[in-house]
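Reading the structure
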Amino acid sequence: MMRTQGKIWDPVIRLFHWSVALAFLLNYFFFEEGGDSHELAGYYILCALGVRLVWGVIGSSNARFKHFFPTVANVKAHIALLRAGRIPEENGHNPVGALMIFALLFGLCLTGLSGWSLAELFHGEGWMKDIHEVAANLTFMLVLVHVGAVVLFSYTGPRNLIAQMVTGRISKR
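Cut-offs applied
Residues numbered from 1 in each chain as written. Predicted model: local features only at pLDDT ≥ 70, side-chain atom pairs only at ≥ 80, totals over all residues. Heavy atoms only, no water. Helix = DSSP H or I, 4+ residues; strand = E, 2+ residues; numbered from the N terminus. Buried < 20%, exposed > 50% of the residue type's maximum accessible area, 1.4 Å probe, protein only. Contact = heavy atoms within 4.5 Å. Areas by Shrake-Rupley, 256 points an atom, 1.4 Å probe, with all protein chains shown as cover. Axes fitted to C-alpha atoms, helices over the stretch in contact; angles between N-to-C directions. Parallel < 35°, antiparallel > 145°, perpendicular 65-115°, else oblique. Nonpolar A, V, L, I, M, F, W, Y, C, P; charged D, E, K, R; others polar. Core = buried A, V, L, I, M, F, W, Y, C linked by side-chain atoms within 4.5 Å. Phe/Tyr/Trp six-rings, centres within 6.5 Å; stacked < 30°, edge-to-face > 60°. Patch = residues over 30% accessible without salt bridge, like charges linked within 9 Å, V, L, I, M, F, W, Y side chains within 5 Å. Salt bridge = Lys/Arg side-chain N within 4 Å of Asp/Glu carboxyl O.

1. Quick look at the overall build of the protein chain
Counting its secondary structure elements, the protein chain contains 6 helices and 2 strands. Sorting the 173 residues of the protein chain into buried and exposed places 35% on the buried side. Sequence separation of at least 24 residues holds for 64% of the intrachain contacts in the protein chain that already meet a minimum separation of 6. Of the accessible surface of the protein chain, which amounts to about 10,400 Å², a share of 68% is contributed by carbon and sulfur atoms.

2. A word on the packing of helix H3 (residues 72-83) against helix H4 (residues 95-120)
One can describe the packing of H3 onto H4 by two numbers: an axis separation of 8 Å at closest approach and a directional angle of 120°. Compared by their axis directions, H3 and H4 come out oblique. Contacts between H3 and H4 involve Asn74, Val75, His78 and Ile79 on the former and, on the latter, Pro95, Val96 and Leu99. Grouping the amino acids of the contact of H3 with H4 by side-chain chemistry returns 5 nonpolar, 2 polar and no charged.

3. Some words on the nonpolar core
If you look at the biggest cluster of nonpolar residues, it comprises 18 residues, and the most contacted ones within it are Phe16, Val20, Phe24, Ile45, Leu49, Leu105 and Leu108. Looking at this core, the elements that each hand over two or more residues are helix H1 (11-29), helix H2 (36-58), H4 and helix H5 (126-156). If one sorts the elements of this core by residue count, H4 sits on top with 6 residues. With near-sequence residues (within four places) excluded, Phe24 lies in contact with Ile45, Leu108, Ala136, Thr139, Phe140 and Val143. Trp9, Ile13, Ala63 and Ile170 belong to the second-largest nonpolar core, a separate cluster that totals 6 residues.

4. Describing the packing of aromatic side chains
Under the criterion given, the structure shown has 10 aromatic pairs. Ring geometry for Phe24 and Tyr28: centres 5.8 Å apart, planes at 25°, overall stacked. Of this pair, Phe24 and Tyr28 both sit in helix H1, 4 residues apart, which is roughly one turn of the helix. A ring pair is formed by Phe65 and Phe68, whose centres lie 5.9 Å apart and whose planes are at 65°; its orientation type is edge-to-face.

5. With respect to a nonpolar patch on the surface
Taken together, the side chains of Phe106, Leu110, Leu113, Trp116, Leu121, Phe122, Trp127 and Ile131 define a hydrophobic patch exposed on the protein surface, amounting to about 760 Å² of accessible area. Every element with two or more residues in the nonpolar patch is listed here: H4 and H5. Examining the composition of the nonpolar patch, we find that 4 residues originate from one element, H4, more than from any other. In this fold, Leu121 is placed in the loop between H4 and H5.

This is the structure in structure tokens:
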């Protein structure tokens with residue numbers, strides 16, 4: 001049985017999360033490379049990243065980067081708890097999850113900027129196309145790890161992380 005209580009993710013975070021996920025997956029699987037839809041989705045992701053970076057400074061408590069910036073000490077402590085079979089209940093990102101969020105943001109930024117560079121500055125340059133392709137593939141691998149971890153912890157942990165990102169409210173088991 002799931003109990004819902006309290007807010008955790010504001011609408012800006014949820015809109016960013018789901019719209020960027022959709023735009024990235026459409027670009028990765030469906031939109032033709034270099035086509036108008038592909039470029040438009042890429043530009044959307046870059047604009048959304050800009051909003052997210054601003055929101056990471058001025059947004060709600062859980063959205064602010066300073067509230068979940070991972071340190072070596074808190075990452076080690078979190079991993080030690082996981083190894084001991086304990087999944088701590090967090091109001092926001094845990095330290096390892098925070099590492100993933102920063103990795104995803106970096107991957108999306110590198111993919112988007114390399115795509116923009118390919119379209120606007122280095123049109124047709126093979127080396128820039130290679131950078132863009134590698135960045136997109138690495139970002140997709142991060143997405144797979146992220147989704148796998150979220151699904152795993154939604155079913156084994158104290159909270160349903162998927163429901164929280166859909167509703168914006170804490171979902172306890």
